[in-house]
Amino acid sequence: AMVTSGGRIFYIIDEGPISSVYLPPKWSLVARDAFSGVVLWKKPITNWESHLRGFRSGPPEIGRLLVARGQKVYVALGYAKPVSVLDAATGKETATLPGTGGARELLLAGKRLYVLADDMTSEQYDQRKKWIDQTVPKLEIIWGFPRTPVRMYGTQRIAVINTATGKLLWKRQFKEPGE
């Protein structure tokens, strides 16, 4: 995930060791000066997708978890976390947006931030990550992954926030996971 605003670049990256895929990841949100490339600040991302999950590194929706405009960066700094509003120059958290816990996707349109979120808890994500981390090293071939149902999403909702005031404008709760 990478976005730019106000002469800065913001991106989410795994800065963990690269000598073995089995070594633990170290996810961060990084801000750089867009002209010089100088690192301005970093924020750790804690509860995140298992690095041993097949197909890609990080959550499937990683490209939709970060938006920026002007002097503000909007990001969920981990699974089951709400949207944090960060000062683009310093990385300091200036607000946590109401009704956005479990944010999965962000869309900024005008003065409205649309947030797709779900009700999965940090503990549920940790259980899924632990299962993946224990299963993958035992596989002889990656396409031999066990056909065990592992929950990816909870029951979802859409929340719309006024970015000028930080207030929740409306939300819609869905009834079933994946709806």
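The present account deals with the structure reproduced in this document. Since the model is a prediction, treat every value here as computed from it, not as a measurement.

Notes on the pairing of strand β10 (residues 112-118)
(1) Moving on: Two elements, strand β9 (residues 103-109) and β10, share six bridges in a ladder whose sense is antiparallel. By the bridge assignment for β10, Leu-107 is matched with Tyr-114.
(2) Moving on: Judged from the seven bridges that link them, β10 and strand β11 (residues 155-162) form a sheet pairing that is antiparallel. From the neighbouring strand, Arg-112 faces β11, where its bridge partner is Asn-162.

Points about helix α1 (residues 122-135)
For an α-helix, the turn length of 3.6 residues means that residues three or four places apart are oriented alike.
(1) Moving on: Look at α1: 20 Å from first C-alpha to last across 14 residues, which is about the 20 Å you get at 1.5 Å a residue.
(2) Moving on: Residues of α1 that are buried: Tyr-125, Arg-128, Ile-132 and Thr-135. Along the axis of α1, the buried positions cluster into a sector of 105 degrees, meaning they face one direction only. Exposed residues lying more than 90 degrees from the buried face of α1 are Glu-123, Gln-127 and Lys-130.
(3) Moving on: Residues of α1 that are buried make contact with β9 and β10.

Concerning the nonpolar core
(1) Moving on: By size, the foremost hydrophobic cluster in this structure holds 30 residues, and its most contacted members are Phe-10, Ile-12, Leu-29, Tyr-74 and Leu-113.
(2) Moving on: Those elements giving two or more residues to this core turn out to be β2 (8-14), β3 (27-33), β5 (66-69), β6 (72-76), β7 (83-87), β9 and β10.
(3) Moving on: Per-element accounting of this core gives the leading share, four residues, to β6.

Describing the sheet that holds strand β8 (residues 93-96)
(1) Moving on: Strand order in this open sheet of four strands is β5-β6-β7-β8, and the pairing throughout is antiparallel. In this open sheet, the two strands that pair with only one neighbour each are β5 and β8. Here the strands of the sheet are splayed against their neighbours by 20 degrees on average, with no regard to which way each runs.
(2) Moving on: The sheet contact formed by β5 and β6 spans four bridges and is antiparallel. Across the sheet, residue Leu-66 finds its bridge partner in β6, namely Val-75.

Describing the pairing of strand β12 (residues 167-177)
(1) Moving on: Pairing of β11 with β12 involves seven bridges; the strand directions are antiparallel. Bridged to Ile-161 within β12 is Leu-168.
(2) Moving on: The hairpin formed by β11 and β12 contains four residues between the paired strands, and Gly-166 there has a positive phi angle of roughly 80 degrees.

With respect to the side chain of Ser-84
(1) Moving on: Take Ser-84: it is sitting in strand β7.
(2) Moving on: If we skip the residues at most four places from it in the chain, Ser-84 touches Val-73, Tyr-74, Val-75, Leu-77, Glu-93 and Ala-95.

A short note on unusual backbone geometry
(1) Moving on: A positive phi angle is found at Ala-80, which is not glycine, with a value near 70 degrees.
(2) Moving on: Mapped onto the fold, Ala-80 is located in the loop between β6 and β7.

What to know about the packing of aromatic side chains
Each pair of aromatic rings is reported with the distance of its centres and the angle of its planes.
(1) Moving on: The final tally for this structure, using the stated rule, is one aromatic pair.
(2) Moving on: Ring plane angle 40 degrees and centroid distance 6.1 Å describe the contact between Phe-10 and Trp-41, whose orientation is recorded as tilted. With Phe-10 in strand β2 and Trp-41 in strand β4 (residues 39-44), this pair connects stretches of sequence that are 31 residues apart. For the pair Phe-10 and Trp-41, a shared accessibility class is recorded, and that class is buried.

About the criteria used
Residues numbered from 1 in each chain as written. Predicted model: local features only at pLDDT ≥ 70, side-chain atom pairs only at ≥ 80, totals over all residues. Heavy atoms only, no water. Pairing = 2+ DSSP bridges. Helix = DSSP H or I, 4+ residues; strand = E, 2+ residues; numbered from the N terminus. Expected span 1.5 Å × (residues − 1). Buried < 20%, exposed > 50% of the residue type's maximum accessible area, 1.4 Å probe, protein only. Arc of directions from axis to C-beta. Contact = heavy atoms within 4.5 Å. Core = buried A, V, L, I, M, F, W, Y, C linked by side-chain atoms within 4.5 Å. Axes fitted to C-alpha atoms, helices over the stretch in contact; angles between N-to-C directions. Phe/Tyr/Trp six-rings, centres within 6.5 Å; stacked < 30°, edge-to-face > 60°.

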